[in-house]
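Here is what each chain is made of, one letter per residue.
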Amino acid sequence: MTTTHDDDLVAQIEAVEEKLAQARKSIERRFIGQERVVELTLSALLCGGHGLLIGLPGLGKTRLVEALSTVMGLNGNRIQFTPDLMPADILGSEVLETAADGSRAFRFLPGPVFCQLLMADEINRASPRTQSALLQAMQEKQVTVAGEDRPLGQPFHVLATQNPIEQEGTYPLPEAQLDRFLVQIDVEYPDRETEKAILLATTGIEEEEAHEVFTAAELIDAQTLLRRMPVGETVMEQILDLVRACRPDDPAASARVRETVNWGPGPRAAQALMMTVRARAMLHGRLAPSTEDVIAMARPVLSHRMGLNFAARARGDNLASLIEETAAAVTRTEAAA
């Protein structure tokens, strides 16, 4: 009986992996040469989470989200965040309407957050009051307007963008909201050959189009299946060791972590790693995650859940290199044990 159940799980995972391979190819027709970025955004959707895309303007972040919306069969909306944007502009509001018979009643006009894939463009340009309007939506998949709880689309995902250079007139996201993003996705400049391919593909008469591979219901099924994917004891221990080694007050922390880190990742980081290593394994056509997946997902999961102290920032220390160094040290320790 157990064997039949296991065979069924394997068959379901392999079927989803085949569809994911098709989805990646379709997305990469529109978003060329950024395989790592595509992998991380798909991982966020597979885990039912949200992604924070950090990169300079013109690197194709909006194009990526549009392609994702089409390929994954999701109803998408986009909000361009500005300093004068108000919470009601995101959530919606109630208006007083007069009927033909003269009676009056309030009617709710839903805002752009009522969708399945929301692109929050330049989220750090909005005021903290407006940024906080997304907190409940991101965590609880519902919003409260005029005292009434209103559910959002199923599934519901936020992909927010942020410019890492231009900080004048912006409002940095608070740690509580950063922690709601499953992964931080750094979108970097393409290499020369990739940029050449982009020029050829996007400056002609016709462009490649993405096509639908998943439906919303199939994505929800894939998210449920992901949680059934087994995780070995070794991988689970590595996740715990890594998260705890990044906390400056933990006995497992290295001297460099204690000297440079002001605050470290909480349990939500371990949960995010547990989910994303499964997603990466599924995207790579494997039936279970490995220690390699933990190392690969360490930086996108942890980099926005940690903070350097003042002395470390003054020295120009790099959080990404610290995470990679800690992940490698944890892996060596696990291997030696």
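Up top is the structure these notes are about.
Along each chain, residue indices are assigned from 1 in the same order as the chain's sequence is written. Local features are withheld for residues below a pLDDT of 70 in this predicted model, meaning they are given only at 70 or higher, and side-chain atom pairs are given and counted only at 80 or more; totals for whole chains, interfaces and linings count all residues. The side-chain figures draw on all heavy atoms in the structure; neither hydrogens nor water molecules are used.

Colleague: Before we go on, may I ask you to explain the overall build of the chain in this structure?
Modeller: Counting from the N terminus, the helices are the DSSP runs of H or I reaching at least four residues and the strands are the DSSP runs of E reaching at least two. If you tally the helices and strands in the chain, you get 15 helices and 11 strands. Its C-alpha atoms give the chain a radius of gyration of 21 Å, near enough to 20 Å, the size a compact globule of 337 residues would have. For the chain, the spread of C-alpha atoms along the principal axes amounts to about 80 × 55 × 50 Å. Within the chain, buried positions represent 47% of all 337 residues. Computation of the radius of gyration draws on C-alpha atoms, with the globule rule given as 2.2 Å multiplied by the number of residues to the power 0.38. Relative accessibility thresholds used throughout: buried, under 20% of the residue-type maximum; exposed, over 50%; partly exposed, between the two (1.4 Å probe, protein chains only).

Colleague: Help me understand the side chain of Thr260 in this model?
Modeller: By the secondary structure assignment, Thr260 is in helix H11 (residues 255-260). Once residues lying within four places of it in the same chain are set aside, the contact partners of Thr260 are Gly307, Leu308, Asn309, Ala312, Arg315, Asp317 and Leu322. Contacts are assigned to residue pairs that have any heavy atoms within 4.5 Å of one another.

Colleague: Please explain the packing of aromatic side chains as it appears in this structure.
Modeller: Here a ring pair, both rings aromatic, is described through the centre-centre distance and the interplanar angle of the planes. For Phe, Tyr and Trp, where Trp contributes only its six-membered ring, two rings pair if their centres lie within 6.5 Å, and the inter-plane angle classes them as stacked under 30 degrees, edge-to-face over 60, or tilted in between. All chains considered together, the criterion is met by one aromatic pair. With a centroid separation of 5.7 Å and 70° between ring planes, the pair formed by Phe108 and Phe114 is classed as edge-to-face. Judged by its relative accessible area of 16%, Phe108 falls in the buried class. On the accessibility criterion, Phe114 (21% relative accessible area) is partly exposed. Two conditions define a charge sitting above a ring: the NZ of Lys or the CZ of Arg must be within 6 Å of the ring centre, and it must be within 35 degrees of the ring normal. We note Lys19 situated over the ring of Phe214; from NZ or CZ to the ring centre the distance is 5.1 Å. Its guanidinium or amino end placed over the ring of Phe108, Arg150 lies 3.9 Å from that ring's centre, counting from NZ or CZ.

Colleague: Even after reading the chapter, I still don't get unusual backbone geometry, so can you show me in this structure?
Modeller: The phi angle of most residues is negative, glycine excepted, and most peptide bonds adopt the trans form. The amide bond that connects Gln154 to the next residue, Pro155, takes the cis arrangement and shows omega of -5°. Along the chain, the position of Pro155 falls in the loop between strand S7 (148-151) and strand S8 (157-162). With phi around 50°, Glu122 is a residue other than glycine that occupies positive phi space. Look at Lys141: it is not a glycine, yet its phi comes out positive at around 60°. Mapped onto the elements of the fold, Lys141 is located in the loop between helix H6 (133-140) and strand S6 (142-145).

Colleague: Would you mind showing me how to read the sheet that holds strand S9 (residues 183-186) here?
Modeller: In sheet architecture, strand pairing relies on hydrogen bonds along the backbone and comes in two forms, parallel and antiparallel. Sheet architecture is open: five strands sit in the order S2-S5-S8-S1-S9, paired in parallel fashion. The sheet terminates laterally at strand S2 (76-80) and S9, the two strands that pair on one side only. With strand direction ignored, the average angle separating the axes of adjacent strands in the sheet is 20°. Two strands pair under a simple rule: DSSP has to find at least two bridges between them. One ladder, built from four bridges, connects strand S5 (residues 117-121) with S8; its direction is parallel. Within S8, the position partnered with Leu118 by the bridge is Val158. Axis geometry follows a simple rule: fit a line to the C-alpha atoms, using only the stretch in contact for helices, then measure angles between N-to-C directions, giving values from 0 to 180 degrees.

Colleague: I would appreciate a short explanation of the environment of Gly33 in the present structure.
Modeller: Relative to the elements of secondary structure, Gly33 occurs in the loop between helix H1 (2-30) and helix H2 (35-46). What makes Gly33 partly exposed here is its relative accessible area of 30%. The spacing of Gly33 and Ala197 is 164 residues in sequence and 8.2 Å in space, taken between C-alpha atoms.

Colleague: Sorry, what's going on with the pattern of salt bridges here?
Modeller: Side chains that differ in charge, positive against negative, can pair when their charged atoms come close. One side-chain nitrogen of Lys or Arg within 4 Å of one carboxyl oxygen of Asp or Glu is enough to make a salt bridge. Scanning all chains against the criterion turns up 19 salt bridges. Between Arg299 and Asp186 there is a salt bridge; the shortest N-O distance is 3.4 Å. Remark: Asp186 occurs in strand S9 and Arg299 occurs in helix H13 (residues 291-302); sequence separation between them is 113 residues. Taking relative accessible area as the criterion, Asp186 reaches 26% and is therefore assigned partly exposed. In this structure, the salt-bridge partner of Arg280 is Glu292, at a minimum N-O distance of 3.8 Å. Of the two residues, Arg280 is situated in helix H12 (residues 267-283) and Glu292 in helix H13; the sequence distance between them amounts to 12 residues. Members of the salt-bridge network, linked through shared partners, are Arg24, Arg36, Glu39, Arg280, Arg286, Glu292 and Asp293.

Colleague: Looking at this model, I keep getting lost on helix H3 (residues 61-71). Mind explaining?
Modeller: Because an α-helix completes one turn every 3.6 residues, residues spaced three or four positions apart along the sequence face the same direction. Of the residues making up H3, those classed as buried are Lys61, Leu64, Val65, Ala67, Leu68, Ser69 and Val71. In the segment just after H3, Gly73 is the residue with positive phi, at about 70°.

Colleague: What exactly am I supposed to notice about the pairing of strand S3 (residues 92-98) here?
Modeller: Walk down a regular strand and you will see the side chains alternate between the two sheet faces. Of the pairings in the sheet, the one linking S3 to strand S4 (residues 104-110) comprises seven bridges and is antiparallel in character. Within S4, the residue paired with Glu97 across the bridge is Ala105.

Colleague: In this structure, what is going on with the environment of Val261? I would like to understand it.
Modeller: Note that Val261 resides in strand S10 (residues 261-263). Val261 sits 83 residues away from Leu178 along the chain, and the two C-alpha atoms are 17 Å apart. Contact partners of Val261, with chain neighbours within four places excluded, come to Cys246, Pro248, Met306, Gly307, Leu308, Asn309 and Leu322.

Colleague: Would you mind showing me how to read the nonpolar core here?
Modeller: Within soluble globular proteins, side chains that are nonpolar tend to cluster in buried spots. In terms of nonpolar packing, the biggest core is built from 72 residues, with Ile27, Leu68, Met72 and Leu302 touching the most fellow members. With 11 residues, H12 is the largest single contributor of residues to this core. Residues Phe108, Ala126, Met138 and Leu173 belong to the second largest nonpolar core, which totals 27 residues. Only buried residues count toward a nonpolar core. Its members are Ala, Val, Leu, Ile, Met, Phe, Trp, Tyr and Cys residues joined through side-chain atoms within 4.5 Å.

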